[in-house]
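Working through the structure, step by step
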Amino acid sequence: MQVRRIELFQFRNYQALELAFERMLNIFVGENAQGKTNLLEAVYLLALGRSYRTTSDGDLINWDAAFARVRGETEREAGGTRIEVLLRREGPKEIKVGGENLRRHSDLLGNLNAVVFSPDDLQLVKGSPALRRRFLDIEIAQVSPAYRHHFTRYQRVLRQRNNLLRAISQGFARREALPDWDEQLIADGSRIIAKRAETVRRLSRWSREMQARISGGREELELVYRPFFAAPSEMPQAEWEDPQAVAERFRKELEALRRDELARGTTLAGPQRDDIAFIVAGVDLRYFGSQGQQRTAVLATKLSELEFIRDEAGEYPILLLDDVMSELDDTRRERFLGTVSGRINTFITTTNVRSFPDEILKEASLYTIRAGTVTPVGA
Ligand SMILES: Nc1ncnc2c1ncn2[C@@H]1O[C@H](COP(=O)(O)OP(=O)(O)OP(=O)(O)O)[C@@H](O)[C@H]1O
Ligand SMILES: [Mg+2]
């Protein structure tokens with residue numbers, strides 16, 4: 001997949017911007033606070049219909065404006081598409097693909113797949129489990145409409161079941177209402193878990209190879225899925241990829257936790273409690289990894305994400321690298337860039353262009369960004 005053109009209007013600190021991309025690799029150089037991240041955010045918006053750094057669309061609209069618009073032309077093997085996202089301060093967001101208004105915004109996904117790597121992602125290994133679940137969910141949702149469906153419905157059922165548990169614990173509702181909700185929770189929850197289990201197994205295959213490549217063959221990374229019902233020592237089971245087998249364990253857990261759930265008025269079982277572990281040589285990097293190992297693991301995981309999406313969608317996604325190259329040492333940076341260059345439509349921001357090797361710069365289009373204007377270098 002490729003982004004051919006992008007047009008920003010009143011988006012963050014951009015008044016009006018039009019850019020056409022000719023090469024696979026695009027590097028944006030600028031000082032702090034000039035609009036580098038904002039530009040990647042706009043590209044990401046075309047892919048996922050939202051930002052990767054805020055949940056509030058209003059933040060994306062220029063402070064002095066009532067709306068923002070991002071348009072793009074993308075290219076897939078199947079052909080090109082136009083995507084447009086319109087954000088209003090008052091009123092709903094509009095998303096168009098090929099000129100057609102999308103009734104369900106989630107239908108945008110799959111038109112343009114994207115993997116982003118920003119400094120926040122360095123928390124992936126040692127941050128909270130919620131970060132790791134989010135990483136997995138965004139990745140799967142991009143390529144699986146079925147996952148999106150189960151995921152959305154699960155969130156709703158979970159909310160309603162929590163309300164019910166609270167009402168029961170306060171004496172406003174009867175326990176007899178619970179089993180119906182249990183079954184709905186299990187139905188969608190077990191499909192989410194089965195798909196996550198499969199995905200992590202496949203990611204792990206690639207991440208092993210990627211970690212070895214980036215660490216110069218010294219390390220192998222294993223990603224291990226930890227569904228909520230598994231003991232910490234339990235290794236991944238083929239059964240976890242079978243929704244029916246998962247449903248049975250889910251049901252058992254709910255039974256075992258019933259009293260606690262009623263006492264606390266909240267759901268204690270389910271994929272909202274899953275986690276992923278990053279293991280190198282039998283050691284959990286979250287607790288025992290050096291900073292360098294954790295960083296390499298995040299890189300390897302990002303590279304695996306690219307392979308996973310290609311496997312599912314038949315093409316590589318685009319890759320957005322927000323200021324992460326300076327966080328890596330020379331060797332790791334070169335190995336990483338060497339892996340993606342030429343094959344993947346990549347957008348990189350940096351404050352320091354000298355951190356890129358000449359071979360990479362030779363094949364890149366270079367731009368400078370200053371106060372919301374983008375200028376091609378040496379065009
Ligand atoms: N909605 C908005 N309207 C106008 N300006 C905004 C809006 N949101 C953010 N900005 C401004 O845009 C500027 C550029 O932000 P951006 O995050 O893109 O910087 P950057 O070039 O990535 O900098 P850094 O190198 O520090 O990461 C910031 O000064 C920010 O205050
Ligand atoms: Mg930035």
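Here the structure is a predicted model, which is why all the values come from computation and not from measurement.

Our next topic: the site of ligand 1. In the vicinity of ligand 1 there are 15 residues, among which Asn 32, Ala 33, Lys 36, Thr 37 and Ile 61 approach most closely. Here a nitrogen atom of ligand 1 and a side-chain polar atom of Arg 12 are 3.2 Å apart. Within the shell around ligand 1, the residues separate by chemical class into three nonpolar, seven polar and five charged.

Turning our eyes to something else, we now look at the domain arrangement of the protein chain. Partitioning the protein chain into structural domains gives domain 1 (1–113 + 315–379) and domain 2 (127–313). Relative to domain 2, the C-alpha centre of domain 1 lies at a distance of 29 Å. The partner domain 2 presents 21 residues to the 24 residues of domain 1 that form the contact. A combined buried area of about 2,000 Å² lies between domain 1 and domain 2, and 59% of that area is made up of carbon and sulfur atoms. Considering only the surface of domain 1 that becomes buried against domain 2, Tyr 316, Arg 332 and Arg 335 emerge as the three largest contributors, covering 27% of it. The interface formed by domain 1 and domain 2 contains one salt bridge. Across the pair Glu 307 and Arg 343 runs a salt bridge, and its minimum N-O distance is 3.9 Å. Put simply, domain 1 and domain 2 have eight residue pairs in polar contact (both at pLDDT 80 or more) between them.

Here we take up the side chain of Asp 182. Among the secondary structure elements, Asp 182 is positioned in helix α4 (residues 178–214). Contact partners of Asp 182, with chain neighbours within four places excluded, come to Arg 161, Leu 254 and Arg 258.

Judged by side-chain charge, Glu 334, Asp 358, Glu 359 and Glu 363 come together as a negatively charged surface patch. By the element assignment, Glu 363 lies in the loop between α9 (358–362) and β14 (364–370).

What counts as what
Residues numbered from 1 in each chain as written. Chains lettered and ligands numbered in written order. Predicted model: local features only at pLDDT ≥ 70, side-chain atom pairs only at ≥ 80, totals over all residues. Heavy atoms only, no water. Near = heavy atom within 4 Å. Polar contact = N/O pair within 3.5 Å; in protein donor to acceptor, adjacent residues only side chain to side chain. Nonpolar A, V, L, I, M, F, W, Y, C, P; charged D, E, K, R; others polar. Domains from an automatic or database assignment. Contact = heavy atoms within 4.5 Å. Buried area = accessible area lost by both parts, 1.4 Å probe. Salt bridge = Lys/Arg side-chain N within 4 Å of Asp/Glu carboxyl O. Helix = DSSP H or I, 4+ residues; strand = E, 2+ residues; numbered from the N terminus. Patch = residues over 30% accessible without salt bridge, like charges linked within 9 Å, V, L, I, M, F, W, Y side chains within 5 Å. Areas by Shrake-Rupley, 256 points an atom, 1.4 Å probe, with all protein chains shown as cover. Lys, Arg positive; Asp, Glu negative; His and termini not counted. Charge placed at Lys NZ, Arg CZ, Asp CG, Glu CD.

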